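In case you want the letters, here they are:
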Amino acid sequence: PKVPEGEFLMQGELTNVPDSTVILLLKENGNLLTTIQKDTVINGKFSFQDTISGVTPKKLFLLSNDKGFPGMLLNVWIQSGKYIHITGNDRLLPLWNVSSDIPQQKASNDFMALCPSERKRSMQWHAQESDLFRAAKGKNIDWKKIDSLRTLYDPLDSLIYVAELNYMKDAPITATWLNNYQSYSSF
């Protein structure tokens, strides 16, 4: 679709995600994330449209706190006059495919393309962990189950980190590269 200058349009098409699932669109606000819009999945679809100032791309995030979601973010780059198409085949939201002609999105997608099977398995265990936390609502958390899940996903996450760091040795330095560099240097 044609998107007017000064606006962006993001549309999602999902399968195996139940109707009434709430998708949040978030932005960075200092060290916090702030919800700027919410949409509910109906017939496998959701959308966000808003105004945007300036010509520089901006990074937003998608998240769902519903059951079966891993409680992790999907980076989505927006820009004035741009259309962003998102497809997903399950509740593993960080693995959804984001298509646009925004160069920063391509760079984010290149990182996410590393270790796909390890990412998927890790996300499945993260989703189970998130469900345990959601069900406990801060009380009577089953730490043995949580620790068991962490024992399963930690080695996979480490493989992903190493793959990303190795990729960064030769990858072009982009906003995504710098964000990952900052994240890795902090731990």
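Fair warning: this is a prediction, and the values are worked out from it, not measured in the lab.

1. Description of the packing of helix α1 (residues 103-112) against helix α4 (residues 175-185)
Link 1 in the chain: Orientation of α1 relative to α4, taken along the N-to-C sense of each, is 50°, at an axis distance of 8 Å. Taken together, the axis directions place α1 and α4 in an arrangement best described as oblique. Seen from α1, the contacting residues are Q104, A107, S108 and F111; seen from α4, they are A175, T176, W177 and N180.
Link 2 in the chain: Per-class residue counts for the contact of α1 with α4 are four nonpolar, four polar and no charged.

2. Topic: the pairing of strand β2 (residues 22-29)
Link 1 in the chain: Across eight bridges, the pairing between β2 and strand β3 (residues 32-40) is antiparallel. When the sheet's bridge partners are listed, I23 is paired in β3 with D39.
Link 2 in the chain: Hairpin geometry of β2 and β3 is characterised by an intervening segment of two residues between the two adjacent antiparallel strands and by a positive phi of about 70° at G30.
Link 3 in the chain: Where β2 and strand β5 (residues 58-63) come together, three bridges link them in antiparallel fashion. What sits directly across from L25, in β5, is L62.

3. Some remarks on the side chain of S108
Link 1 in the chain: Among the structural elements, S108 can be located in helix α1.
Link 2 in the chain: Of the polar contacts made by the side chain of S108, one reaches the side chain of W77; its length is 3.2 Å.
Link 3 in the chain: When neighbours within four sequence positions are excluded, S108 is seen to be in contact with N75, W77 and T176.

Scoring rules and cut-offs
Residues numbered from 1 in each chain as written. Predicted model: local features only at pLDDT ≥ 70, side-chain atom pairs only at ≥ 80, totals over all residues. Heavy atoms only, no water. Axes fitted to C-alpha atoms, helices over the stretch in contact; angles between N-to-C directions. Helix = DSSP H or I, 4+ residues; strand = E, 2+ residues; numbered from the N terminus. Parallel < 35°, antiparallel > 145°, perpendicular 65-115°, else oblique. Contact = heavy atoms within 4.5 Å. Nonpolar A, V, L, I, M, F, W, Y, C, P; charged D, E, K, R; others polar. Pairing = 2+ DSSP bridges. Polar contact = N/O pair within 3.5 Å; in protein donor to acceptor, adjacent residues only side chain to side chain.

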